[in-house]
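# Architecture and fold: a report
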Amino acid sequence: MGFWNKLRVTTSESINVRDDLSAGTNVTLHFLFLGALAWVSGQPFLFPSLGPSAYLLATGEKDRAEGPYHVIGGHAVAAVCGLLSYVLFANGVVVVDAFQQAQPFSPEVGRLVISGIVSMFLTTIGMLWSDTNHPAACATTLIVALGLMSTLLEVVIIVLAVALLVGFHNTIVDRVQDLYGVEPEAPR
């Protein structure tokens, strides 16, 4: 009996040590890959909304949330909607700079707020109409709409990073899970 199989001890209904360590290992593999890409390329292949997507993939969440169509499609819809909103309402403004001034009724903050609201509206409708429902993509639309990653190149990198995440999961991480028995048994 291998090391991972010995960890099948479940201490309660909500904690399964083996599954939890498996999920942690799987998330680590995802971010080692994307982190290496970011480091080697100098491009933002790591950004906050990848965390929830990697978590869903690593924990074996329901297909509705983790399937390639939903993950890649949801982030693509979100990135495009965020960019459209940013260009229309807040072009040139970056959320970090705007809030650093801490100025009430700042026109820059107002533009970012409108950009964020419109991007969420468009992303929600876009994901529902395209059946690419992926909640983590709502963070992507705000990352773009608030000026954190708001160039066309950065939007392309967002979609590419998500596609690479899913591809890496479906080829490498799935193989590691099969070889070493680290696939979570009870998706949650």
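The notes below deal with the structure included here. (Residues numbered from 1 in each chain as written. Predicted model: local features only at pLDDT ≥ 70, side-chain atom pairs only at ≥ 80, totals over all residues. Heavy atoms only, no water.)

### Concerning unusual backbone geometry
Of note, the phi angle at phenylalanine 105 is positive, near 60°, even though the residue is not glycine. Relative to the assigned elements, phenylalanine 105 resides in the loop between helix H6 (95-100) and helix H7 (107-130). The class for phenylalanine 105 is exposed, based on a relative accessible area of 87%. With a phi close to 55°, aspartate 131 is a non-glycine residue in the positive phi region. (Helix = DSSP H or I, 4+ residues; strand = E, 2+ residues; numbered from the N terminus. Buried < 20%, exposed > 50% of the residue type's maximum accessible area, 1.4 Å probe, protein only.)

### With respect to the packing of helix H5 (residues 68-89) against helix H8 (residues 137-145)
Look at H5 against H8: their axes get within 7 Å of each other, and the N-to-C directions meet at 25°. With respect to H8, the element H5 is oriented roughly parallel. The two elements H5 and H8 meet at a crossing, and its hand is right-handed. Contacts between H5 and H8 involve Gly74, His75, Ala78, Ala79, Cys81, Gly82, Leu83 and Tyr86 on the former and, on the latter, Ala137, Thr140, Thr141, Val144 and Ala145. (Axes fitted to C-alpha atoms, helices over the stretch in contact; angles between N-to-C directions. Parallel < 35°, antiparallel > 145°, perpendicular 65-115°, else oblique. Left-handed = near helix turned anticlockwise from the far one by under 90°. Contact = heavy atoms within 4.5 Å.)

### Digging into helix H3 (residues 50-59)
In terms of burial, H3 is a largely internal element, seven of the ten residues being buried. Burial in H3 covers these residues: Leu50, Ser53, Ala54, Leu56, Leu57, Ala58 and Thr59.

### Section: the packing of aromatic side chains
This structure, assessed with the given rule, holds one aromatic pair. Their ring planes at 0° and their centres at 4.3 Å tell us that phenylalanine 33 and phenylalanine 168 sit as a pair that is stacked. One end of the pair, phenylalanine 33, is in helix H2 (residues 17-41); the other, phenylalanine 168, is in helix H9 (residues 152-180), and 135 residues separate them in sequence. With a relative accessible area of 24%, phenylalanine 33 lands in the partly exposed category. (Phe/Tyr/Trp six-rings, centres within 6.5 Å; stacked < 30°, edge-to-face > 60°.)

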